[in-house]
Amino acid sequence: MPIKLPATLPAFDVLRQEGVMVMSETRAARQDIRPLRIGLLNLMPRKIQTETQFARLIGATPLQIELALIRMTEHQTKTTASEHMAAFYRPFAAVAATGEKLDGLIVTGAPVEHLPFEAVTYWDELRRVFDWAATHVHSTVGVCWGGQALAHHLRGVEKHPLPEKAFGVFRQAVEAPASPYLRGFSDEFAVPVSRWTEVRREETEARGLQTLLASPETGPCVVEDRDNRALMVFDHLEYDSDTLKAEYDRDAAAGAPVALPRDYFPGDDPSQPPRNRWRSHAHLLYGNWINEIYQTTPFDLDAIGSP
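Criteria and cut-off values
- Residues numbered from 1 in each chain as written.
- Predicted model: local features only at pLDDT ≥ 70, side-chain atom pairs only at ≥ 80, totals over all residues.
- Heavy atoms only, no water.
- Helix = DSSP H or I, 4+ residues; strand = E, 2+ residues; numbered from the N terminus.
- Buried < 20%, exposed > 50% of the residue type's maximum accessible area, 1.4 Å probe, protein only.
- Contact = heavy atoms within 4.5 Å.
- Areas by Shrake-Rupley, 256 points an atom, 1.4 Å probe, with all protein chains shown as cover.
- Lys, Arg positive; Asp, Glu negative; His and termini not counted.
- Charge placed at Lys NZ, Arg CZ, Asp CG, Glu CD.
- Axes fitted to C-alpha atoms, helices over the stretch in contact; angles between N-to-C directions.
- Parallel < 35°, antiparallel > 145°, perpendicular 65-115°, else oblique.
- Nonpolar A, V, L, I, M, F, W, Y, C, P; charged D, E, K, R; others polar.
- Salt bridge = Lys/Arg side-chain N within 4 Å of Asp/Glu carboxyl O.

Draft legend 1. Structural view of the overall build of the protein chain. Along the protein chain, the regular secondary structure elements total 10 helices and 12 strands. With respect to the three principal axes, the spread of C-alpha positions in the protein chain is 50 × 45 × 40 Å. In the protein chain, which comprises 307 residues, the share counted as buried stands at 54%. Taking all contacts inside the protein chain whose residues are at least 6 apart in sequence as the whole, residues at least 24 apart take part in 72%. As displayed, the protein chain offers around 13,900 Å² of accessible surface, 51% of which is attributable to carbon and sulfur atoms. Each charge class in the protein chain was averaged separately, 32 positive and 41 negative side chains, and the resulting centres sit 3 Å apart.

Dropping the structure here:
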């Protein structure tokens, strides 16, 4: 089954050319099934790239997905055209006002990890998003800073600055092989990491979070909060092959002190195209998440959040 996207969204043509099954809203309306409604609260600067990355992953399952793009109400992006935002995104306040419910919600990372949570301009609204999700969303995923923010809001987990940026592709080990979110996973595999802060395993586990994936070098990669129907993904399985390269080139061009991303370029030669070693596990993780939602979400959307 395909993912349902507006035919004019840039991701529609990109994914169709890649072979991902996409369906226009007109065609989807003629199918007599209920699609899963997945929200994407996109906090990343390069919103078109990010929405394409996540649409690619959640659109690769046999289920019909309806993607709802959401933005913070007052925060104005400076890196994505206002016409694109007006055409495809709804402010959270408008979503909450309707009382609508979602089967799933993804909260992306954001380039604010150097700030205390409370110093982020939209922190109060993001806390309202998390509170709203407890009664209006069946399952929530927070990614990178979004995962740190979710863990902090739900469990009081702190983030800690790193002495240097964790930047590159790092080996991760499966810590909970029986988890339904890790079906089909290899015992070890590589994942892109790009962050200046970390959460610490002893602190997440002391607060009731289960470690699913972790690296001895960069700490927890994926943790589960079963009581709150939430996953925190602290690293970037959704990244394209060249996303770390784009970050490196950007910082190098700006004259910023930036190290070569670890174990990323063949032979540590930035003139060589990087090879993707995480794509299959990205599809597995988000495909398993979608499957778990499908297996457990109420058919009646209005029943989401009910005891």
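Draft legend 2. Inspection of the packing of helix α3 (residues 47–58) against helix α10 (residues 279–296) at higher detail. At their nearest, the axes of α3 and α10 sit 8 Å apart, and the two run at 65° to each other. With respect to α10, the axis of α3 lies roughly perpendicular. Residue-level inspection shows F54, R56, L57 and I58 of α3 in contact with α10, the latter providing A282, H283, Y286, W289 and I290. In terms of residue class, the contact of α3 with α10 is made up of 7 nonpolar, 1 polar and 1 charged.

Draft legend 3. Inspection of the pattern of salt bridges at higher detail. By the definition in use, this model includes 18 salt bridges. For the salt bridge of R37 with E100, the shortest nitrogen-to-oxygen distance reads 3.2 Å. With R37 in strand β3 (residues 36–41) and E100 in the loop between α5 (92–98) and β6 (102–107), this pair connects stretches of sequence that are 63 residues apart. Assigned by exposure class, R37 and E100 land together as buried. Across the salt bridge formed by R155 and D227, the nearest N and O atoms sit 3.5 Å from each other. Of this pair, R155 sits in helix α7 (residues 145–155) while D227 is found in the loop between β11 (219–225) and β12 (230–233), placing the two residues 72 residues apart along the sequence. Given the relative accessible area of 65%, D227 is considered exposed. A cluster of three or more residues bridged by salt bridges with shared partners is formed by R37, E66, R90 and E100.

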